Amino acid sequence: IQAAKQYPEITAVVLDLPEVVVVAREFATEHEVAERVSAEACDFTADPFPGGADVIMMNSNLPMYSAEVIRSVVQKAFDALQPGGEMHICGEMVNEDWSGPLIPAMCAVHGVLFHSTALPHTPSDCVAYFEDAGFIDVRVREFIPDILQYITGRKPS
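Keep in mind that this is a model prediction, so the values were computed, not measured.

**A word on the overall build of the chain**
- Helix and strand counts for the chain come out as five helices and six strands.
- Along the chain, helices (α) and strands (β) appear in the sequence α-β-α-β-β-α-β-α-α-β-β when read from the amino end.
- By the compact-globule yardstick of 15 Å for 157 residues, the chain fits well, its C-alpha radius of gyration being 16 Å.
- Each of the 157 residues in the chain was classed as buried or not, and the buried ones make up 36%.
- In the chain, the proportion of contacts linking residues at least 24 apart, taken out of those at least 6 apart, comes to 69%.
- Each charge class in the chain can be summarised by its mean position, and for the 9 positive and 23 negative side chains these summaries are 6 Å apart.

Structure follows, in structure tokens:
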């Protein structure tokens, strides 16, 4: 929504759970971008992505899923992107030695306590997910210190 407000030439599709779609549509209307920002119910771990995207973003749900699921989502994103398109993931990652930071480590503990199949992801894990899918120019950088990392990759032209 913020991107659509700032860049009037773009359109966007929010793919999320049905309950979130309702709220996303309300926000798009409230911010007067509903004609360019749509929202559709989607289980991004199972449903296909619409093709022809220039940018695909996944935010703050990285530690909720196993490596296999994240790898699959990254591959689906690669397949849905136009040549030259980008994928961006902002998520909680643990250090390479799993020693922290605290919040991503706590996400991992939560997963163990509730018998989740998810394990923490390290920056090198995420780079591998992107590169294995075919992305180039893959980079990881800190987004919010000790909480969120930001990884990007580009589909070759």
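From this point, the discussion proceeds with the structure in view.
**Focus on helix 3 (residues 67-80)**
- Look at helix 3: 20 Å from first C-alpha to last across 14 residues, which is about the 20 Å you get at 1.5 Å a residue.
- Among the residues making up helix 3, those that are buried are Ile-70, Val-73, Val-74, Lys-76, Ala-77, Phe-78 and Ala-80.
- Where helix 3 is buried, its residues touch strand 3 (53-59), strand 4 (81-91) and helix 5 (123-133).

**Some words on the environment of Asp-137**
- Its place among the elements puts Asp-137 in strand 5 (residues 136-144).
- Expressed as a C-alpha distance, the spacing of Asp-137 and Val-127, which sit ten residues apart in the sequence, is 9.9 Å.
- With sequence-adjacent residues up to four places away left out, Asp-137 is seen in contact with Thr-152, Gly-153 and Arg-154.
- Engagement of the side chain of Asp-137 in a polar contact is seen with the side chain of Arg-154, the distance being 2.5 Å.

What counts and what doesn't
Residues numbered from 1 in each chain as written. Predicted model: local features only at pLDDT ≥ 70, side-chain atom pairs only at ≥ 80, totals over all residues. Heavy atoms only, no water. Helix = DSSP H or I, 4+ residues; strand = E, 2+ residues; numbered from the N terminus. Rg over C-alpha atoms; globule rule 2.2 N^0.38 Å. Buried < 20%, exposed > 50% of the residue type's maximum accessible area, 1.4 Å probe, protein only. Contact = heavy atoms within 4.5 Å. Lys, Arg positive; Asp, Glu negative; His and termini not counted. Charge placed at Lys NZ, Arg CZ, Asp CG, Glu CD. Expected span 1.5 Å × (residues − 1). Polar contact = N/O pair within 3.5 Å; in protein donor to acceptor, adjacent residues only side chain to side chain.

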